[in-house]
Structure formats: structure tokens, C-alpha cells
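# Descriptive analysis of the structure
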Amino acid sequence: MWNYEKRLQYPVKISTPNAKAAKVIITQFGGPDGELAASMRYLSQRYTMPYNEVVGVLTDIGTEELAHMEIVCAIVHQLTKGLSIDEIKAAGFDTYFVDHTLALWPQAASGTPFSSTFFQSKGDPITDLCEDMAAEQKARTTYDNILRLVNDPEICDPIRWLRKREIVHFQRFGEALRIVQDKLDSKNFYAFNPEFDKCKMK
Amino acid sequence: MNEREKLLHYITAVSFAIDDCVLYLDTHPYDKEALEYYSVHKELRKKALKQYTENFGPLLNDNVDVSCGKWTWIDQPWPWEGGC
């Protein structure tokens, strides 16, 4: 169950439209390391996770990623609102415009549609948490690259904030992995899979 | 910033303090300092949300005041429009 709160987790107020920036930033909506994939990854993985601390982290970070998706969409929306056809053409935004006008649709900057193949839900806590840690770093690199491509301080401010959250989430998933390892056989973490094998758990 | 924006800015800050603390508590469920931090900010957020709802309208759809005979949930600007 989720409840909607009618505010952004971090404010977005962009006064100058910029379709070129929108073209790259949309990748954090529906791209391979974007917020939608992040949320779906964590919210999918949690059902078979046997440890409460880790289920809590997956649920709460998965929920926060939905709020980040809304921030990214707000950025793209404000960057494209009120654009003229000439501006759309000049920025090369026409290839997106022809399919979606100015609506939001989850895709990578390259135009590749969102796909669940961007993430895994493997049913093994070590595997999944290593993926989650990598995912946070991949998203952080993407935000670093966006900051290399964009200069407008009104865009950079929320992008920097989103980047910082990737680092915090990476830390929390690292702690979750340590919690899992502490509950496994210390001589061989891979002796059994606590999401599947019937075994004694600490 | 007008009064509405100031209060919303405060709600954003105090709510984020809770969001961040919640993640920390998930992996540190016995951390006394974090538990105390959570309790303090939970109360601050509750008070600020009440004040905002009374003065500027609902942020949550389970505390909409319908005494005016109109559904006001849809009145205030949506968050992505740049007003929040």
C-alpha cells in the first residue's frame, strides 16, 4: 500500500526550458540506471528476502526511488514546457516529440524503451544486494555525467541532491549485505541460499 | 518566498530528515540517538502538516477538509509545476 503526498521530496523550479538537457536527463526516468528501474528492482526483490532489516531497506529505498522518479519527471517536464516547434527541432527533440508530444514516457537517452531487463530479482540475498550496490553506483555515475553535460544551476541543484542519495543508498545496501553475511555460515557464505534452501538461520 | 512556500520548504526539510533517518534505522534498529532524532522530527512534521493543511490545503488525501462543500485536494498546484 502506498499513499501519495502532494509535494516533491526535493523542490524543482526551473525557469528556462532546455530540450537538450531534457533529452539526457530523461534517462534517469526510464534508462538502464534510472529511478524507475531502481524502484522496481528493490520492490521486486523484497518478497523473498528473509531478514527484516534488509526487507525494511528494500521497501523504504524502493519507495524513495518513486519519489526520485517524480523529481526527474518534474525536471524533464519543466525543461520542455512551452517549447515552440522551432526550439524542439533545433534541440533535436523532434524524434521524441513525434511519439510522445511533451508527455513523459520512460526511455533511455538513446531512445531505448524502459524494460525490466534493466534489473534483476535473483532470489539470493548476496547476489541481489551486490546488484543493488552496483545499481546505486551506476546511477551516481549517470548523475555525474549529467552534471558534465548541463550547466544551468537550477537544473544542477536537484541533480546534485539526487546524486547524493545514491551514495547514501549504497552505504545502506552495504550495511544490509553485512547483516546478511553475519547470519550466514562464516566459513562459506555460499553454503546455502537462505531465500530458498531449508536451513537453520541464526 | 511567501508564507505557503516557507512552510512547505520547512515540511520538505523536516520530512527529509525522517526519510534519511528511517533508512539508517532499518540497519541500526537499536541506535538510541537515531531513535530520539526520529521521535523529535516525527512530531515536528506532524505539527507542520497540520498547520499547512489548515492554512493552505491538504498534502495528503486522507485529511481533506470537506466542510466547504468542495473537494479541495485538486485545487492546489501539483508538485511538478514548480510551485512546490
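Along each chain, residue indices are assigned from 1 in the same order as the chain's sequence is written. Chain A is the first chain written and ligand 1 is the first ligand written, with later ones labelled in order. Given that this is a predicted model, residues contribute local features only at a pLDDT of at least 70 and side-chain atom pairs are listed and counted only at 80 or more, while totals for whole chains, interfaces and linings are drawn from all residues. Only heavy atoms go into the side-chain values, all of them from the structure, while hydrogens and water stay out.

The name that an unreviewed UniProt entry assigns to chain B is Spore coat protein JB, with the source organism given as Mobilisporobacter senegalensis.

An unreviewed UniProt entry lists chain A under the name Spore coat protein JC, from Mobilisporobacter senegalensis. UniProt positions are given in the numbering used here, feature names are shortened, and annotations may be inferred rather than shown by experiment. In its Sequence similarities (unreviewed entry) section, the UniProt entry covering chain A states "Belongs to the manganese catalase family."

## Points about the overall build of chain B
Only DSSP runs of H or I with at least four residues qualify as helices, and only runs of E with at least two residues qualify as strands; both kinds are numbered from the N terminus onward. Looking only at helices and strands, chain B has two helices and zero strands in total. Considered along the principal axes of its C-alpha atoms, chain B spans approximately 45 × 25 × 20 Å. Taken across its 84 residues, chain B has 38% of its residues classed as buried. For chain B, the exposed area adds up to about 5200 Å²; of that, 56% sits on carbon and sulfur atoms. For the charge count, each Lys or Arg is scored as positive and each Asp or Glu as negative, with His and the chain ends excluded. Where a charge sits is defined by one atom per residue type, namely NZ (Lys), CZ (Arg), CG (Asp) or CD (Glu). Side-chain charges in chain B split into 9 positive and 14 negative, and the spacing between the mean points of these groups amounts to 5 Å. Buried, partly exposed and exposed residues are distinguished by accessible area as a fraction of the type maximum, computed with a 1.4 Å probe on protein chains only: under 20%, between the cut-offs, and over 50%, respectively. All accessible areas in this document rest on Shrake-Rupley with a 1.4 Å probe, and a residue is counted as covered only by the protein chains that are shown.

## A short note on the UniProt feature "domain: Protein CotJB" (unreviewed entry) in chain B
If you check UniProt for "domain: Protein CotJB" (unreviewed entry), the listed places come out as residues 6-81 of chain B in our numbering. Helix and strand shares over residues 6-81 of chain B are 62% and 0% respectively, and the end C-alpha atoms of the span are 17 Å apart.

## Structural notes on the interface of chain A and chain B
Here, two residues are considered to be in contact whenever any of their heavy atoms come within 4.5 Å of each other. On the chain B side, the residues contacting the 28 residues of chain A number 30 residues. By buried area we mean the combined loss of accessible area, with a 1.4 Å probe, across both parts when two parts are placed together. Carbon and sulfur atoms supply 58% of the area that chain A and chain B bury against each other, a total of about 2400 Å² over both sides. Taken as a group, Tyr4(A), Lys6(A) and Arg7(A) account for 31% of the area that chain A buries against chain B, more than any other trio of residues on that side. The working definition used for a salt bridge is a side-chain nitrogen of Lys or Arg within 4 Å of a carboxyl oxygen of Asp or Glu. At the surface where chain A touches chain B, the tally comes to three salt bridges. Across the salt bridge formed by Arg165(A) and Asp20(B), the nearest N and O atoms sit 2.9 Å from each other. What qualifies as a polar contact is a pair of N or O atoms within 3.5 Å, subject to a donor-acceptor requirement within protein and to the restriction that residues adjacent in sequence count only when both atoms come from side chains. At the boundary of chain A with chain B, the tally comes to 10 residue pairs in polar contact (both at pLDDT 80 or more). Here the side of chain A that touches chain B takes 10 residues from helix α4 (residues 52-80) of chain A, the largest share from any one element. Note that Gly is not counted as nonpolar here; it falls among the polar residues with everything else outside the nonpolar set of Ala, Val, Leu, Ile, Met, Phe, Trp, Tyr, Cys and Pro and the charged set of Asp, Glu, Lys and Arg. Residues of the side of chain A that touches chain B, tallied by class, amount to 12 nonpolar, five polar and 11 charged.

## Notes on a nonpolar patch on the surface
A contiguous nonpolar patch, built from Val66(B), Trp71(B) and Ile74(B) and spanning about 300 Å² of accessible area, is present on the exposed surface. Mapped onto the fold, Val66(B) is located in the segment after α2 (32-56). Within the patch definition used here, like charges are joined within 9 Å and nonpolar side chains (Val, Leu, Ile, Met, Phe, Trp, Tyr) within 5 Å, considering only residues with over 30% relative accessible area and no salt bridge.

## Focus on the UniProt feature "binding site: Mn(2+)" (unreviewed entry) in chain A
Residue and element names in this part refer to chain A. Taken from the UniProt record, the annotation "binding site: Mn(2+)" (unreviewed entry) applies to Glu35, Glu65, His68, Glu136 and His169. Their sequence span is 135 residues, while the largest C-alpha to C-alpha distance among them is just 12.8 Å; these annotated residues converge on one region. Tracing the backbone through its elements, the reader meets Glu35 in helix α3 (residues 35-45). Judged by its relative accessible area of 2%, Glu35 is buried. Ignoring any residue separated from it by four or fewer positions in sequence, one finds Glu35 in contact with Gln28, Phe29, Glu65, His68, Met69, Val72, Tyr143, Leu162 and Glu166. In this fold, His68 is placed in helix α4.

## Here we look at the UniProt feature "binding site: Ca(2+)" (unreviewed entry) in chain A
Residues and elements named next belong to chain A. UniProt records the feature "binding site: Ca(2+)" (unreviewed entry) at Asp60, using the numbering of this structure. Looking at the element boundaries, Asp60 is found in helix α4. The exposure class of Asp60 is partly exposed, given its relative accessible area of 25%.

## Regarding the environment of Ala91(A)
All names here are of chain A. Considering the arrangement of structural elements, one finds Ala91 in the loop between α5 (85-90) and α6 (94-100). For Ala91, a relative accessible area of 16% corresponds to the buried category. Sequence separation between Ala91 and Ala103 is 12 residues; the distance between their C-alpha atoms is 17 Å. Excluding residues that lie within four positions of it along the chain, Ala91 makes contacts with Ala19, Lys20 and Lys23.

## Re the side chain of Gln107(A)
Residue and element names in this part refer to chain A. Within the secondary structure, Gln107 sits in the loop between α6 and α7 (125-149). Its relative accessible area of 9% is what places Gln107 among the buried residues. Aside from chain neighbours lying at most four places away, what touches Gln107 is Ile26, Thr27, Gly30, Gly31, Tyr96, His100, Thr112, Pro113 and Phe114.

## Notes on the packing of helix α1 (residues 3-27) of chain B against α2(B)
When two helices pack together, their arrangement is given by the angle between the helix axes and by the axis-to-axis distance. All names here are of chain B. Running from amino to carboxyl end, α1 crosses α2 at an angle of 150°, the nearest separation of the two axes being 9 Å. Taken together, the axes of α1 and α2 lie roughly antiparallel to each other. Between α1 and α2 lies a crossing of left-handed hand. Among the residues making up the contact of α1 with α2, the classes are represented as 20 nonpolar, three polar and four charged. Think of each axis as a best-fit line through the C-alpha atoms, taken over the contacting stretch in the case of a helix, with angles from 0 to 180 degrees between the N-to-C directions. Oblique is the label for any angle not under 35 degrees, not over 145, and not in the 65 to 115 range, which are roughly parallel, roughly antiparallel and roughly perpendicular in turn. Crossings are sorted by hand: turned counterclockwise from the far helix by less than a right angle, the near helix makes the crossing left-handed, and turned clockwise it makes it right-handed.

## With respect to the environment of Tyr51(A)
Within the secondary structure layout, Tyr51(A) lies in the loop between α3 and α4. Here the alpha-carbon distance between Tyr51(A) and Lys81(A), two residues 30 residues apart in the chain, equals 45 Å.

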